[in-house]
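Report on the structure
These are the residues of each chain, in order.
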Amino acid sequence: MPQLDADVAVVGAGPAGVAAAITLARAGRQVVVIDKARFPRDKCCGDGLTATALRELEALGLRPEAVAGWQPVHDVWLRSPSGRTVNLPLPSGDGEGLFAVVAPRSALDAALVDLARASGAKVLDGHGLAAADVVGPGPGPGPVTLDVDGLGQVRAPYVIGADGAWSPLRKALGAARAGYLGDWHAFRQYFTGCGPAARDLWVWFDPDLLPGYAWSFPLPGGRANVGFGLQRGAGFDAHRMGELWPELVERAHIREVLGPDATAEAPHKAWPIPARVHEAPLTAAGGRALFVGDAAWATDPLTGEGIAQALLTGRRAAEAVLAAAGRAPADVARHYERSVRQDLFADHRLGRLLSRGLSHRKGARIAIRAAGTSDWSRRNFARWLFEDYPRAVLGTPRRWSRGMFAGPGAYR
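Residues numbered from 1 in each chain as written. Predicted model: local features only at pLDDT ≥ 70, side-chain atom pairs only at ≥ 80, totals over all residues. Heavy atoms only, no water.

With respect to unusual backbone geometry
- Following Phe39, the chain continues to Pro40 via a peptide bond in cis, the omega torsion being 0 degrees.
- Residue placement: Pro40 occurs in the loop between strand E3 (31-35) and strand E4 (48-50).
- Positive phi, close to 75 degrees, is recorded for Asp47, a residue that is not glycine.
- Secondary-structure assignment places Asp47 in the loop between E3 and E4.
- We note that Ala285 has phi near 55 degrees; this positive angle belongs to a residue other than glycine.
- Mapped onto the secondary structure, Ala285 falls in the loop between strand E20 (283-284) and strand E21 (289-291).
- According to the relative accessible area criterion, Ala285 is partly exposed, its value standing at 22%. (Helix = DSSP H or I, 4+ residues; strand = E, 2+ residues; numbered from the N terminus. Buried < 20%, exposed > 50% of the residue type's maximum accessible area, 1.4 Å probe, protein only.)

Topic: the nonpolar core
- In terms of nonpolar packing, the biggest core is built from 62 residues, with Val31, Leu49, Leu62, Val67, Leu108, Ile160 and Tyr336 touching the most fellow members.
- Mapped by element, the contributors of at least two residues to this core are strand E2 (8-11), helix H1 (15-26), E3, helix H2 (51-60), helix H3 (105-119), strand E13 (158-161), helix H7 (307-323) and helix H8 (329-357).
- Broken down by element, the residue count for this core peaks at nine residues, all from H7.
- One finds Val73, Phe205, Tyr213 and Ala364 within the second-largest nonpolar core, a separate group that totals 30 residues. (Core = buried A, V, L, I, M, F, W, Y, C linked by side-chain atoms within 4.5 Å.)

Here you go:
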């Protein structure tokens, strides 16, 4: 088979894989990225970008004008299980920057792929992974050899798996863990002709969805990304979500936000959300393979956000490869695992704890009532939801810094 050699191969051209590829290519490494899809392509997602994601994108050099449908968010509305509605205005004005943006994944991912190519990475979309092997001449694992559909083979000392919760790369390397289907299951549909939903971001904590929630994220042109997410649990049946959806979007408080003329653009889509990074197998093949994004089960267990974590873990995997150049693959694995532990574990544990508190009506009511107590609480609760200082910062003194609760947003 034809063979293509590289310093690092990346499987998956979503935000996690592209973040890794750009970081490596800019450091002078030869990078090959493969993805079975051809870009642009739709990706089932809520399309929301928090300040962490925005800062990571900014560091990569992505300009907002490169993303069609880029929609800044200035007002967030929360509806309690009791029906109480609270407005959380995100900080705005000179020097404040942006804390939340909505951008369709089809446009965002395509712009990132273009940026990866411009940075020097070879992106081969439309070519999926068929097999992977790490057999070497010595006692330890050798370079990774990927069999790529319609292309031949790609060989590299390291491979980064950015290929989703059920990573085909992990399975091909014999490191898959059977039985894990994700902690959440989400459901979304695009609507057009929207009313308030096309302007503000809404989150509904309806009693029958707890600890999950329904959302409406605004997009330009009178559009909105509307969906809901449920935690998996005893007796969970993903097919029930399809039965619930028509009734959910016709509930009076949701239809009021969508507007009387809002109509669905296309059939709904559903996807699993893995949120168990503290248990995820982050590496395989003796350190030759590193897993990022959904393949690292890195989604936020409280909100279901995954783009920021994808970008962050992708960058950390690339940095681990660069930092351990010339050393054993096991050193690369340890470097990466340590970075992920420091970046995500404390916030992940707290997110899981808070999620339990929101699993009951009383907990959700108390949280939303407290958020709406004063101008100060509304402003800072909004920042707590979307800002990039870690949720568990009070328990991790190494991340303390002057002005950590009052800094600017992602973009000036």
